[in-house]
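Working through the structure, step by step
In case you want the letters, here they are:
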Amino acid sequence: MKTLAKELTFNGIGLHSGQEACVTLCPYDKQGIYFENENGVCSITEAELAEDSRLTAFRLPNGAVTRTGEHMLGAIIGMGLDSVLIKNKFEEIPILDGSAEVFVEQIKDNIIDDGIPIKKLFISSPVSVVEQNGRRLVIALPSEVLKITYSIDYSGTPV
């Protein structure tokens, strides 16, 4: 199982709030991505959509809300971490340079593999979610490799 060798803290400003933001990624001994706040620890798999505009936000069963976590979560998955505990001091994740690069650069030099095998999940048949009368959709297809293709069109914005 791949986790972090040490805690990594990221400080900055929240993109949407303009307020101070701080998040710490920690080694963890359970497979998965977990968030910890004053109400306890929850798995990201228990998250529900909390906002629905040009802001990605989710709410965990313990009441914790996390906003603009997509770059951080993308870095965690992209770097192959199987286990991480996220301590978010404020609701919004710092935007840093506006990409996942700062997260990736810190994570890549701090990965350890404890040799414990993990259980991987695979998609065996197509899965889709369609919202707003078909204006938004996500489709996951079975594949031997991870491949992500996306298209986005914000009406009223120049191309």
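The preceding data block contains the structure.
My aim in this report is to walk through the structure given alongside it, one point at a time.

Reading the values: the criteria
- Residues numbered from 1 in each chain as written.
- Predicted model: local features only at pLDDT ≥ 70, side-chain atom pairs only at ≥ 80, totals over all residues.
- Heavy atoms only, no water.
- Helix = DSSP H or I, 4+ residues; strand = E, 2+ residues; numbered from the N terminus.
- Buried < 20%, exposed > 50% of the residue type's maximum accessible area, 1.4 Å probe, protein only.
- Polar contact = N/O pair within 3.5 Å; in protein donor to acceptor, adjacent residues only side chain to side chain.
- Core = buried A, V, L, I, M, F, W, Y, C linked by side-chain atoms within 4.5 Å.
- Salt bridge = Lys/Arg side-chain N within 4 Å of Asp/Glu carboxyl O.

Among the secondary structure elements, Asn110 is positioned in the loop between helix H2 (101-108) and strand E10 (111-113). Residue classification places Asn110 among the buried positions, given a relative accessible area of 11%. Spatially, the C-alpha atoms of Asn110 and Pro27 are 9.8 Å apart, while their sequence positions differ by 83 residues. For Asn110, the side chain forms a polar contact with the main-chain oxygen of Gln106, separated by 2.8 Å.

Formed by 21 residues in total, the largest nonpolar core has its most connected members in Leu25, Met72, Ile76, Ile86 and Ile107. In terms of residues, this core owes the most to one element, helix H1 (residues 70-78), which gives four residues.

Here the structure, examined in full by the defined rule, presents three salt bridges. Note that Glu36 is salt-bridged to Lys87, the shortest N-O span being 3.7 Å. Of this pair, Glu36 sits in strand E4 (residues 32-37) while Lys87 sits in strand E9 (residues 83-88), and the two are 51 residues apart along the sequence. For Glu36, a relative accessible area of 30% gives the class partly exposed. By relative accessible area, which is 32% here, Lys87 ends up partly exposed. Across the salt bridge formed by Arg67 and Glu91, the nearest N and O atoms sit 2.0 Å from each other. With Arg67 in strand E8 (residues 65-67) and Glu91 in the loop between E9 and H2, this residue pair connects regions lying 24 residues apart in the sequence. Exposure remark for Arg67: the relative accessible area of 21% places this residue in the partly exposed category. For Glu91, a relative accessible area of 42% translates into the label partly exposed.

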